[in-house]
Amino acid sequence: MDLHLKGKRVLITGGTRGIGLACAIAFFGEGAHVTIIGSSPESVARARNFLAREHGINVAGMHLKLDEREDQKALGEHLANVDILVNNAGAIPGGGLESLSDEAWRKAWDLKVHGYIDATRSALPAMLERKSGVIVNIIGIAGVMPRYDYLCGSVGNAALITFTQAVGAECAKQGVRVLGVNPGPTETDRVMTLYKARAQQRFGDESRWQELLNDLPFGRATRPEEIADLVVFLASDRASYLSGVVVDADGGARFANH
């Protein structure tokens, strides 16, 4: 199936590992020109070296701290010529109200919630002028399955789901699509950290985090490559009538009876 992505200019925030890195591989495989954003020169260099060594992939890279206002503005300067923006940068910690300080809560939202909103705000004017472009927000299933032990992330994700739906519906009038994906637990370092926090809260022992994975659909977490394939499809012409849609990629866990 030709996804018509050859030559498209793709920018991926949080592109140095996990789902973002998998997206870089998938878009490159479709012939797109890919730029990844990471939070440090070391993370960007490590990801680019990995892609070149293991996959023969050459991508551009930039390091920006997207929880800082100046770097959010700097990112905006690079978005005028982007055909596809994938918002993926975000690492919201687990825990309830008593577990997160006000500073930690605000810093997490500055990176993910405000980071996604600011990047979208920066990318849209040029896309709307061209009457073409796609923004895909990698959000998270906790936005529709809120948990107290992931309260900051649940509330932030719910806000981004609503943001994606409203902006996607409006932008479709001018040929631009805005969509989202809600991954369930995914095989990444960040998910391990989150599950350790949940195990600490539930059992008083973070080393028991793997016990929390036993009841997942298909008996496993989803793989980054599976989410990346969905993102690439949504960004392609094959999904040209979809906008304002947020796909729950959780293996049906939202509707399972336990």
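Per an unreviewed UniProt entry, the chain is named Short-chain dehydrogenase, and its organism is Pseudomonas fluorescens. Quoted straight from UniProt, the Sequence similarities (unreviewed entry) entry for the chain says "Belongs to the short-chain dehydrogenases/reductases (SDR) family."

Asker: I'd like a description of the domain arrangement of the chain, backed by residues and values.
Answerer: Looking at the assigned domains, one finds that the chain contains domain 1 (9-185 + 227-247) and domain 2 (187-221). Each of domain 1 and domain 2 was reduced to a C-alpha centroid, and the two centroids are 24 Å apart. Contact residues are listed per partner, giving 16 residues for domain 1 and 12 residues for domain 2. Across the domain 1 to domain 2 interface the summed buried area is about 1,000 Å²; carbon plus sulfur atoms make up 55%. A per-residue breakdown of the area domain 1 buries against domain 2 is headed by Arg147, Asp149 and Pro185, which together make up 49% of the total. Run the count over domain 1 and domain 2 and you get 0 residue pairs in polar contact (both at pLDDT 80 or more). Split by residue class, the side of domain 1 that touches domain 2 holds 7 nonpolar, 6 polar and 3 charged.

Asker: Provide a residue-level description of the pattern of salt bridges, including the pertinent values.
Answerer: Scanning the entire structure with this criterion turns up 12 salt bridges. Among the salt bridges present, the one from glutamate 170 reaches lysine 173, with a minimum N-O distance of 3.0 Å. Classification of lysine 173 by relative accessible area gives exposed; the value is 65%. A salt bridge links arginine 254 to aspartate 248; its shortest N-O distance comes to 2.8 Å. Taking the relative accessible area as the measure of exposure, arginine 254 reaches 37% and is therefore partly exposed. A relative accessible area of 25% places aspartate 248 in the partly exposed class. Put simply, Arg220, Arg223 and Glu226 are held in one network by salt bridges that share partners.

Asker: So what's going on with the pairing of strand E5 (residues 134-138)? Residues and values would help.
Answerer: Counting buried positions along E5 yields 5 of 5 residues, so the element is predominantly enclosed. Burial of E5 is two-sided: the residues Val134, Val136 and Ile138 facing one way and the residues Ile135 and Asn137 facing the other way are all buried. Bridge count between E5 and strand E6 (residues 177-183): 5 bridges; the pairing is parallel. Within E6, the position partnered with isoleucine 138 by the bridge is valine 181. Crossover handedness for the path E5 to helix H6 (residues 151-171) to E6: right-handed.

Asker: Please set out the environment of arginine 177 residue by residue, giving values where relevant.
Answerer: Relative to the helices and strands, arginine 177 is located in strand E6. For the pair arginine 177 and isoleucine 135, spaced 42 residues apart in sequence, the C-alpha to C-alpha distance is 6.4 Å. Ignoring anything within four residues of it in the chain, the contact list for arginine 177 reads Gly133, Val134, Ile135, Leu234, Ala235, Ser236, Ala239, Ser240, Leu242 and Ser243. Side-chain polar atoms of arginine 177 contact the backbone oxygen of leucine 242, separated by 3.1 Å.

Asker: Hey, could you go over the sheet that holds E5 for me, with residue numbers and the actual values?
Answerer: Overall, parallel pairing links the 7 strands, which are arranged E3-E2-E1-E4-E5-E6-E7 in an open sheet. Edge positions in the sheet fall to strand E3 (60-63) and strand E7 (246-249), since each of these pairs with one other strand and no more. Neighbour-to-neighbour, the strand axes of this sheet turn through a mean angle of 15°, independent of strand direction. Bridge analysis of strand E1 (residues 9-13) against strand E2 (residues 33-38) gives 5 bridges, and the strand direction is parallel. Residue pairing in the sheet places isoleucine 12 in a bridge with isoleucine 36 of E2. Along the sheet, helix H8 (residues 224-235) makes contact with strand E4 (84-87), E5, E6 and E7, crossing E6 at roughly 165°.

Asker: Requested: an account of empty space enclosed by the protein, with residues and values cited.
Answerer: Gaps left between atoms show up when a probe the size of a water molecule is rolled over them. One pass over the full model with this rule turns up 1 cavity of 30 Å³ or more. Taken as a whole, the largest cavity holds about 30 Å³ of empty space. Lining the largest cavity, in full, are Leu66, Gln72, Leu75, Gly115, Asp118 and Ala119. At the level of elements, helix H3 (69-76) and helix H5 (113-130) are the ones that each hand at least two residues to the lining of the largest cavity. Among the elements that take part in the lining of the largest cavity, H5 stands out by supplying 3 residues, more than any other. A per-class count over the lining of the largest cavity returns 3 nonpolar, 2 polar and 1 charged.

Conventions and cut-offs
Residues numbered from 1 in each chain as written. Predicted model: local features only at pLDDT ≥ 70, side-chain atom pairs only at ≥ 80, totals over all residues. Heavy atoms only, no water. UniProt positions renumbered as here; feature names shortened; annotations may be inferred. Domains from an automatic or database assignment. Contact = heavy atoms within 4.5 Å. Buried area = accessible area lost by both parts, 1.4 Å probe. Polar contact = N/O pair within 3.5 Å; in protein donor to acceptor, adjacent residues only side chain to side chain. Nonpolar A, V, L, I, M, F, W, Y, C, P; charged D, E, K, R; others polar. Salt bridge = Lys/Arg side-chain N within 4 Å of Asp/Glu carboxyl O. Buried < 20%, exposed > 50% of the residue type's maximum accessible area, 1.4 Å probe, protein only. Helix = DSSP H or I, 4+ residues; strand = E, 2+ residues; numbered from the N terminus. Pairing = 2+ DSSP bridges. Right-handed = clockwise from strand over helix to strand, strands pointing away. Axes fitted to C-alpha atoms, helices over the stretch in contact; angles between N-to-C directions. 1 Å grid on protein atoms, 1.4 Å probe; cavity = no way out; pocket = protein on both sides within 12 Å on 5 of 7 lines; lining within 4 Å. Points joined across faces, edges and corners; volume = space filled by probe spheres on them.

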